Amino acid sequence: MHRITGRAGDDSLIEMSPTDSFNDDLNGYHPHGSSSTASLQHGQSGSPLTPGVCLETCESLGSSLASLAPSDHSDSPHFETQTLERINALTGIDKQQHSKDSVFFRDGLRRIDFVLSYVDDKDGERKQERRKVYEANLVKVGLELETEDKIESEDGKTYFVKIHAPWEVLATYADVLKIKVPFKVNDIPDNSEMPMNWLSTPFRLPEHIMQPEPDYFTAPFDKSKADFFLIDNKDTFFPPSTRNRIVFYILSRCSYIREDCGDRDKKGIKRLLNNGTYTAAFPLHDSRYWTRSRDVNCDSERYNLYKHWARFFCFFKEQPLNLIRKYYGEKIGIYFAWLGFYTEMLLFAAVVGTICFVYGFLTYDDNQWSKEICSEEIGGSIVMCPLCDKKCGYWKLNTTCNSSWQSHLFDNVATVFFAIFMGIWVTLFLEFWKRRQARLEYEWDLVDFEEEQQQLQLRPEYETKCTNRKLNRITQEPEWVLNRTATDLMGKWFVCWVTVLLWISLIIACIIGVIAYRLAVYAAFASIMKDNPTTQLEVVGPYITPQLATSVTASCINFIIIMILNLMYERVAVWITDMEIPKTHLEYENKLTVKMFLFQFVNYYSSCFYVAFFKGKFVGYPGNYAYMFGSKLRNEECDPGGCLIELTTQLVIVMTGKQVWGNIQEALLPWMRNWWGSRRARSHPESLYSRWEQDHDLQAFGQLGLFYEYLEMVIQFGFITLFVASFPLAPLLALINNIIEVRVDSWKLTTQFRRPVAAKAHSIGAWEEILNGMAVLSVVTNAFIVAFTSDMIPRLVYMYAYQPQGEMNMEGYINNSLSVFNISEIPAENRPDDEENPSWFNSSITSCRYRDYRYPSGHERQYSHTMQFWHILAAKLAFIIIMEHVVFLVKFFVAWMIPDVPSDVRARVKRERYLVQEYLHNYEVEKLKIQLSKQNNEECTCTPMIYPSLSKHEVLSECL
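The shown structure was predicted, so the numbers you read here are calculated from the model rather than taken from an experiment. (Residues numbered from 1 in each chain as written. Predicted model: local features only at pLDDT ≥ 70, side-chain atom pairs only at ≥ 80, totals over all residues. Heavy atoms only, no water.)

Undergrad: Can you help me understand the packing of helix α20 (residues 585–613) against helix α23 (residues 705–722) in this one?
TA: The angle between the axes and the distance between the axes are what describe a pair of packed helices. Packing of α20 against α23 brings their axes to within 11 Å, and their N-to-C directions diverge by 35 degrees. Read as a crossing pair, α20 and α23 show a hand that is right-handed. On the side of α20, the interface is formed by L592, T593, M596, F597, Q600, F601, Y604, Y605 and C608, while α23 contributes F707, Y708, L711, V714, I715, G718, F719 and L722. (Axes fitted to C-alpha atoms, helices over the stretch in contact; angles between N-to-C directions. Helix = DSSP H or I, 4+ residues; strand = E, 2+ residues; numbered from the N terminus. Left-handed = near helix turned anticlockwise from the far one by under 90°. Contact = heavy atoms within 4.5 Å.)

Printed below as a string of C-alpha cells:
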C-alpha cells in the first residue's frame, strides 16, 4: 500500500490508498497550494478546504484515475505518456516541466530537506513494518513526508520518501545543537588590503562567488529568543546545509520499532540502510551541475561550484571556500582550505628543490669522483670483489659509471642546504596553517565549537548501547554513559591493538620477503647480464645493470604489496574501531586515524627506511660476510656511487605510483559506476528524470570519505619531508599532483557524488598532531640520510684531512674509499663459479677491492677498521647533532615568533563575545519593558502609536 504521510493537526498519521497505482498523483504539483491532498498536510499555506470540497475533489480524481488503472495495454510504450497526459489534465500540472529541477514538495512551497529510497521486496513484510513505524515516528517528531510511487521512478521499482522539516522542528533542534545564527551585521571595518593587490586579479573569482552571504555577528540559536535574531524569512533563515544536518540528526536517532518493545538498539537510519529497509538516504543537490535550475527559488550553488571551482581549467584560480562551506558544510570546507594552503606552500619548496636539482646538473662536470670511476685508467683498472656468492663474478668499477653520474644529481652540497631548508619550511607551513585555521574558525562561527557543540553530537551507535545516566561535572546535567567494566575495556583494548600489531608484523614480513627477493634476483640478474649489454642494446644498454634491474623490479613488487595490504587493512581498522564504541564522531575518527596512519606509515615507508638506513650498512667484508637470518643470502651492498640513488628510485616509484593510482581510483571509478548505474536513465526522457532520481543514481559520499582524502595527503607529506634529502624534486611532483588533486576532488564531489550531509569541524583534527610529529621526525631522518646514506661526509673528511697533496679537491677519493682484499683468502663457498667470471679475468689478478675503510692483507691489524673510518663516523655523528640542533632551534624560534591566532581575529572574537552579552542584556531589558507596558495598558482602549508600522523584531532592534 502506498502511503502519503504528513503532520496532521492531531499528530496522527494520514494514510490514503484509493488504488494501488498513481496514488502520488493525487497530490499533484500545485505550486500555489491548490486543493489537493497535499493541502491536508500540516504546514501548508493556502486557503483551507472544507470537508465537502475535499471529498468531492478526491472522489473526482479517484474516479478519473480508475480509468487509468493497469490493464492489458499497460505494457504499451505509450501507456506512461498517456497516463502522464491524463494526470496533467486532471491536476493542471505539467510534471515534465516541474519535476526535473524541483527541490520542493508537490505544493511548490515546502523544501525537500532529505530523501529516503527503498524497493518493495516480495519478502519484505518486516522491512515494510519497519518503514511504517519509522516514518510514523518521524511524523510524530514534526517532520513532514511525501512519497513518490515506484511507477513514477525511472526504473519502475523504487519508492522515494521526501522529507521536509518545518520551522518548529528546525528551531527546536537548532537550539539543541547550539547552531550559531546572525543577530547583527558585522560593523568592524575590513582593513586587510594587501600591497600590490592588483597582481592577484587573474587568480580571483567574482565577489558573489567568494562571498555568497554578508558578514554577521552570530550567537547560538535560542528558540525562546527567536525575535532576537535577524529572521527575515523563516523558510530561508536556515540554509539547506543546516537543514539537512538537522534532519539527519533526527533520522539517526529515530526508532523503527514500537515503543512498547523497549529495544533501545533498534533506531537510526544507518541500521535501516544496513539491513536493507532503505536503499539510500541523502539530501538533494539544488540543481544539475552543468546548468542553472529553472526554479527561481533555487540558488543553483552546485552549478556555481562546478563553473568556478570543479573544472580543471580553473586550476590557477582561488577556491570559493565560503561557497564550499555554505553548500557542503564546514567539515568539507576545512579540508579544501587545508589542501589549498598546503598546495600554495608546496610552491616555495618546489622552487627551492628545483634550484638544488639544477645546481647538481650544472656542476655535472665538476664531479671528480665520477670522472675517476668512469675513466679507463682508474675505474677500468680497479677489479671489484663479487657482490654475491657463486653466481656473481668479478667486475670493474667503471661499470657503475652511469649510476655514479645520476647519484651526483641528488647527492651534492645543495642536498645539505635543502634538508635544512625543508626542516624550516615544514615549521612555517604548520605555523601559518594554525593562523589560517584560526581565521576560518572565526569567519565560519567555529570558535568554542568543541565545548559547545561537539559533546552534544553523540554517535547513535553509542547512545543505543547506553543503559545508565550520570551527572556531568561540567554541565551539571545528566547524560547517557556506557556501562563498561575494567575487564571489558582491557579485553577490547587488547584485541584491538593486538590486531594492529599483527597486521604491522605482516607488513614487516612482506618487506623481508621483498629483501629476500632482491638478494636472490640480484644473483640471477648478475649471471644473465655478465656479458657487456652494449652488444645487444646500444642506447639503453649501459643503463641496464643488475643493480638497477633489481631495484626497479623490487620497488614495483613492493608497491603492489602496499596496495593489496591497504585494501585488506581498511576493513580491519573500521571493524576494530566499531568494536571500541567511541562516544562522539570526533573520537571515532581520531581512533580510526591513529590505527590507519600507524599501519600506513609502516606500509609505505618501511621499504624506504630499509634502503636509507640498513642496506649496505651491515655487510661485512670478503671472507666474513653477514647473511640474512642465517640463510645463504648475503646482505646487500651499495654501489661505489652510494645507496642514495637507490633510495631515490624507491621513493619515485612508490610516491608517483601511489599518486597516479590514487587519482585514477578517485576520478575514474566513480565516473564508471555512475555511467553504468544510470544506463537505464539514458534512454528515459530527461524531462521525467526528477531531481531525487538523478541524485539517487550518483555515488554515496560515505562518512569516512574525507578520512581517506586526508590520509592520502598526509602520506604524501611524509614522502616530501622524511626522505626529501634524497630527492629534491619530490615537492615539485607533490605540487603537480595537488594541483590536479584539488580539481579532481572538487569535480567528483560536485558531479559524481550525492550531496554529503553537512557536518561541522573546527580543525583538521588528529591529522594536525600527526603532521607535527612527522615534522619533528623529518629533521632526524634527513640528518641521518645526509650522514649515513649520502657520501657527503666521507668526501668532506677526505678533502679536508686525507687529500695526499693537501689540496682542496677530490682527486684520489675513489682509490682512498676502497679497501683491498687478497683473492686467495676468499673461502671456497664465497668464490664465484668459473663460468661466471668475465673473459678478462685471469690468474694474474691477485686482489679485489670493496667499499669500506679496512687495513689490507698482511697488515698487523688486517681487515680491521682504519682510523679514517672512525674519523668519518665521528664526523657523521657530529653533523647529525649540529644539524638537528640548528634546525630545531630555528623551528622553535619561528614557532615562538608567529602567534597561532592573528591579532585582528583575536580582537574580533572578543568584540563578538562582548556584543552577544550586551545585546542579550539589552534584549531582556527591552522585552521586560514591553511586557510591563502591555500589562499597564490592558485597560487602555486606544491604539498604541509608538512604532505603529514596525514588526516586533524591528522594534527591539531599534531600541537596541
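Undergrad: How should I be thinking about the packing of aromatic side chains in this particular structure?
TA: Geometrically, a pair of aromatic rings is defined through the distance of the ring centres and the angle of the planes. Under the counting rule described, the total for this entry stands at 64 aromatic pairs. The interplanar angle of 25 degrees and the centroid separation of 6.1 Å between the aromatic rings of F114 and F248 together place this pair among those described as stacked. Of the two residues, F114 is situated in strand β1 (residues 114–119) and F248 in helix α8 (residues 240–251); the sequence distance between them amounts to 134 residues. Taking 5.7 Å as the distance between ring centres and 20 degrees as the angle between the ring planes, the aromatic pair formed by F784 and F788 counts as stacked. (Phe/Tyr/Trp six-rings, centres within 6.5 Å; stacked < 30°, edge-to-face > 60°.)

Undergrad: Explanation requested: α23 in the structure shown.
TA: The α-helix winds at 3.6 residues per turn, so residues separated by three or four positions along the chain end up facing the same way. The first and last C-alpha atoms of α23 sit 26 Å apart over 18 residues, in line with the 26 Å expected at 1.5 Å per residue. The buried count for α23 comes to 17 of 18 residues, which makes it a mostly enclosed element. (Expected span 1.5 Å × (residues − 1). Buried < 20%, exposed > 50% of the residue type's maximum accessible area, 1.4 Å probe, protein only.)

Undergrad: Is there a simple way to explain the pairing of β1 in this structure?
TA: Consecutive side chains of a regular strand alternate in pointing toward one face of the sheet and then the other. Within β1, five of the six residues are buried, which leaves the element mostly enclosed by the surrounding structure. Note that β1 and strand β3 (residues 158–164) share six bridges and pair antiparallel. Within β3, the residue paired with L116 across the bridge is V161. The pairing of β1 with strand β6 (residues 280–282) spans three bridges and is classified as antiparallel. Bridge pairing links S117 to A280 in β6. (Pairing = 2+ DSSP bridges.)

Undergrad: How do you make sense of the sheet that holds β3 when you look at a structure like this?
TA: Whenever strands of a sheet pair, they do so through backbone hydrogen bonds, lying parallel or antiparallel. Pairing in this open sheet of four strands is antiparallel, and the strands run β2-β3-β1-β6 from one edge to the other. Either end of the sheet is taken by a strand with one partner, and the two such strands are β2 (144–148) and β6. Looking at each pair of strands side by side, their axes are set apart by 20 degrees on average, direction ignored. In this sheet, β3 lies alongside β2 in antiparallel orientation, the contact comprising five bridges. Bridge pairing in β3 places E146 opposite K162. Packing of helix α4 (residues 125–140) onto the sheet brings it into contact with β1, β2 and β3, and relative to β1 it is tilted by some 165 degrees. Across the sheet, α8 touches β1 and β3, and the angle it forms with β1 is around 45 degrees.

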